[in-house]
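Chain by chain, the residues run as shown.
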2 protein chains.
Amino acid sequence: MKTTSTISKKQFIINAAADLFEEKGYSGTSIRDLASKVGLEPSSIYSHIKSKEELLSEICMGCAGEFTVGMEKIFQLNISARKKLKALISLHLDMAFANPASVTVFNDEWRHLPEPILEDFIHLRKAYEKKFRKILIEGKDDEKFNFDNSEIVFNIILKSLSWSYTAIKKYKREELESELSVFILNAINK
Amino acid sequence: MKTTSTISKKQFIINAAADLFEEKGYSGTSIRDLASKVGLEPSSIYSHIKSKEELLSEICMGCAGEFTVGMEKIFQLNISARKKLKALISLHLDMAFANPASVTVFNDEWRHLPEPILEDFIHLRKAYEKKFRKILIEGKDDEKFNFDNSEIVFNIILKSLSWSYTAIKKYKREELESELSVFILNAINK
DNA sequence: CCTACCGATCGGTAGG
DNA sequence: CCTACCGATCGGTAGG
């Protein structure tokens, strides 16, 4: 009982923090801003969290974990590289529509993560990039995709997908996913 | 004499601020950080600038002005939409290679601009977007480009180009421009 | 979860 | 361009 309600209140505070970090940035958000948003006194925030940095860590590592799990599932599927890439586009849109603020913070504020969590985060990010590029190169080897530098192309695709996090308020998911898929697949189709 | 040296010292401080804002963000950078970077006491910074916000304004409005001028030149050329798009890709790479830190700050920190400058900035940004999308639509009307929503496609392209600001340390300009041009033009070619 | 409070740091000013 | 300093705000703690 107690545990459950404590956890959900903590999650409520983390979600409010994600909204503020998205709006004002991590450094531009104070614990007092957060307290007033959730209707507590500033010091009461510390009944639920250990530090401001913990809020950022929860947000960023939460997203990183979900992206890692999503990638793992897609990576192991026995389907073509093109279908895997489409599944990755869907994964990014799933994340964007489920937690728009958190994913924006994950994208833009991770550099403020404290060590040693920052190091873990960068490792997860590199592992994600490695698998993503393997899928791209797989498509190139099968003569389905065409590009020179998989690192550059990976980063362009990732940036295109990141834009969707700010776009979800304005577009329907189908329209966004369709335009993104057509754009990206045309871009690298052989 | 005096005026010239004052201006160049001011520009030196602005450039140092751009480096710090890129590294730590606007809110995460203090005047004391800046002072120690340029070898002055914190209060001496105010002999050259009026406020911390002025530093951000100079950086962001400087870039906005250069992008506006660059766009105006390309927009008025009597060439195909495809050539105009290629020229816009070159413009973004010119900017990235000339002032990598400033352009990153321009991209990521503009929301911290104080009013009424923020309003001016947003107007310039909207005018830039309007012309960019006109070029895209011109290519679509001539049946050279293919896409549904010019606003979505504009934003994807812009995000792809923004990535280059972080990439210039790692790649040669020709390689980056080639990969970006091929990617973007393939993406929307009919 | 609150009241009361801490030392550190912030952007910025006065005066020379 | 410096010394000296301002009030405001920061993240966070003690104690109940």
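For the structure itself, look to the data block above.
This text gives an overview of the structure that appears in the document.

What counts, and where the lines are drawn
Residues numbered from 1 in each chain as written. Chains lettered and ligands numbered in written order. Predicted model: local features only at pLDDT ≥ 70, side-chain atom pairs only at ≥ 80, totals over all residues. Heavy atoms only, no water. Helix = DSSP H or I, 4+ residues; strand = E, 2+ residues; numbered from the N terminus. Buried < 20%, exposed > 50% of the residue type's maximum accessible area, 1.4 Å probe, protein only. Areas by Shrake-Rupley, 256 points an atom, 1.4 Å probe, with all protein chains shown as cover. Lys, Arg positive; Asp, Glu negative; His and termini not counted. Charge placed at Lys NZ, Arg CZ, Asp CG, Glu CD. Near = heavy atom within 4 Å. Polar contact = N/O pair within 3.5 Å; in protein donor to acceptor, adjacent residues only side chain to side chain. Axes fitted to C-alpha atoms, helices over the stretch in contact; angles between N-to-C directions. Parallel < 35°, antiparallel > 145°, perpendicular 65-115°, else oblique. Left-handed = near helix turned anticlockwise from the far one by under 90°. Contact = heavy atoms within 4.5 Å. Nonpolar A, V, L, I, M, F, W, Y, C, P; charged D, E, K, R; others polar. Expected span 1.5 Å × (residues − 1). Buried area = accessible area lost by both parts, 1.4 Å probe. Salt bridge = Lys/Arg side-chain N within 4 Å of Asp/Glu carboxyl O. Least-squares fit on C-alpha atoms with pLDDT ≥ 70 in both. Phe/Tyr/Trp six-rings, centres within 6.5 Å; stacked < 30°, edge-to-face > 60°. Lys NZ or Arg CZ within 6 Å of the ring centre and 35° of its normal.

On to the overall build of chain A, then. Secondary structure summary: chain A contains 8 helices and 0 strands in total. Ordering the α and β elements of chain A from the N terminus gives α-α-α-α-α-α-α-α. Taken along the three principal axes of its C-alpha coordinates, chain A extends 60 × 35 × 35 Å. Among the 190 residues that make up chain A, the fraction classed as buried is 46%. Just so you have it, chain A exposes about 9500 Å², and 52% of that area is on carbon and sulfur atoms. Positive and negative side-chain charges in chain A, numbering 28 and 27 respectively, have mean positions lying 2 Å apart.

As a further point, take the protein's contact with DNA strand C. For DNA strand C, the set of nearby residues contains 15 residues, the closest of which are Ser43(A), Ser44(A), Ser47(A), Arg32(B) and Lys52(B). Here, DNA strand C places atoms within 4 Å of the protein, and 48% of those atoms are sugar or phosphate. The separation between a phosphate oxygen of DNA strand C and a polar side-chain atom of Lys9(A) is 3.2 Å. The contact in question runs from a phosphate oxygen of DNA strand C to an N or O atom on the side chain of His48(A), over 3.3 Å.

Taken together, 15 residues are adjacent to DNA strand D, and Arg32(A), Lys52(A), Ser43(B), Ser44(B) and Ser47(B) come closest. The sugar-phosphate share of atoms of DNA strand D within 4 Å of the protein amounts to 48%. Backbone polar atom of Thr29(A) to a phosphate oxygen of DNA strand D: 3.3 Å apart, as the coordinates give it. Within the backbone of Ile31(A), a nitrogen or oxygen atom sits 2.9 Å from a phosphate oxygen of DNA strand D.

With that settled, consider the packing of helix α3 (residues 52–76) of chain A against helix α4 (residues 81–98) of chain A. Residue and element names in this part refer to chain A. One can describe the packing of α3 onto α4 by two numbers: an axis separation of 10 Å at closest approach and a directional angle of 155 degrees. Judged by the angle between their axes, α3 and α4 are roughly antiparallel. Helix-helix and strand crossings are classified by hand; for α3 and α4 the assignment is right-handed. Contacts from Cys63, Glu66, Phe67, Gly70, Met71, Ile74 and Phe75 of α3 reach α4 at Lys84, Ala87, Leu88, Leu91, His92 and Met95. Partitioning the contact of α3 with α4 into residue classes produces 9 nonpolar, 2 polar and 2 charged.

With that settled, the discussion passes to helix α7 (residues 150–167) of chain A. Residue and element names in this part refer to chain A. Between its terminal C-alpha atoms α7 stretches 26 Å, which fits the 26 Å expected from 18 residues at 1.5 Å a residue. Across the 18 residues of α7, 16 count as buried, placing the element largely inside the fold. At the N-terminal end of α7, a side-chain oxygen is found 2.8 Å from the backbone nitrogen of glutamate 151, two or three residues along, and the residue is asparagine 149.

Our focus in this paragraph is the interface of chain A and chain B. Many descriptions give the size of an interface as the accessible area lost when the pieces come together. If you look at the interface, chain A gives 33 residues, while chain B gives 33 residues. Buried area between chain A and chain B, summed over both chains or domains, comes out near 2800 Å², and the portion from carbon and sulfur atoms is 59%. On the chain A side of the interface with chain B, the three residues burying the most area are Trp163(A), Glu179(A) and Phe183(A), jointly 26% of the side's total. Between the two partners, chain A and chain B, sit 4 salt bridges. Viewed at the interface, chain B and chain A are joined by 23 residue pairs in polar contact (both at pLDDT 80 or more). Mapped onto the side of chain A that touches chain B, the elements with two or more residues apiece are α1 (2–24), α7 and α8 (173–188) of chain A. Residue composition of the side of chain A that touches chain B, grouped by class: 14 nonpolar, 8 polar and 11 charged.

When chain A is fitted to chain B, the residual RMSD is 0.0 Å, and the transformation amounts to a turn of 180 degrees plus an axial shift of 0.0 Å. Here the two chains are linked by the operation of a two-fold rotation axis. Residues of chain A ranked by C-alpha distance from the rotation axis are headed by Ala187(A), positioned 1.9 Å from it. Interface residue correspondence from chain A to chain B reaches 100%, placing this contact among same-surface, isologous pairings.

Another point: the environment of Leu85(B). All names here are of chain B. Its location among the elements puts leucine 85 in helix α4 (residues 81–98). We classify leucine 85 as buried; its relative accessible area is 1%. When the C-alpha atoms of leucine 85 and leucine 185 are compared, they prove to be 8.4 Å apart, with 100 residues separating the residues in sequence. Sequence-distant contacts of leucine 85, that is, excluding residues within four places in its chain, are made with Phe132, Ile135, Leu136, Phe145, Ile184, Leu185 and Ile188.

The subject of this paragraph is the packing of aromatic side chains. Residues and elements named next belong to chain A. Following the criterion strictly, the structure yields 17 aromatic pairs over all chains and no others. With a centroid separation of 5.6 Å and 65 degrees between ring planes, the pair formed by phenylalanine 106 and phenylalanine 121 is classed as edge-to-face. Of this pair, phenylalanine 106 sits in helix α5 (residues 100–108) while phenylalanine 121 sits in helix α6 (residues 117–141); the two residues are 15 residues apart in sequence, bridging distant segments of the chain. Each member of the pair phenylalanine 106 and phenylalanine 121 is classed as buried. Taken together through their ring pairs, the aromatic side chains of Phe67, Phe106, Trp110, Phe121, Tyr128, Phe132 and Phe154 make up a single cluster. Sitting above the plane of the phenylalanine 75 ring, lysine 84 keeps its charged end 6.0 Å from the centroid.

Residues and elements named next belong to chain A. For the bond from glutamate 115 to proline 116, the omega torsion is 5 degrees, close enough to zero to count as cis. Along the chain, proline 116 turns up in the loop between α5 and α6. A positive phi angle, close to 60 degrees, is found at glutamate 143, a residue other than glycine.

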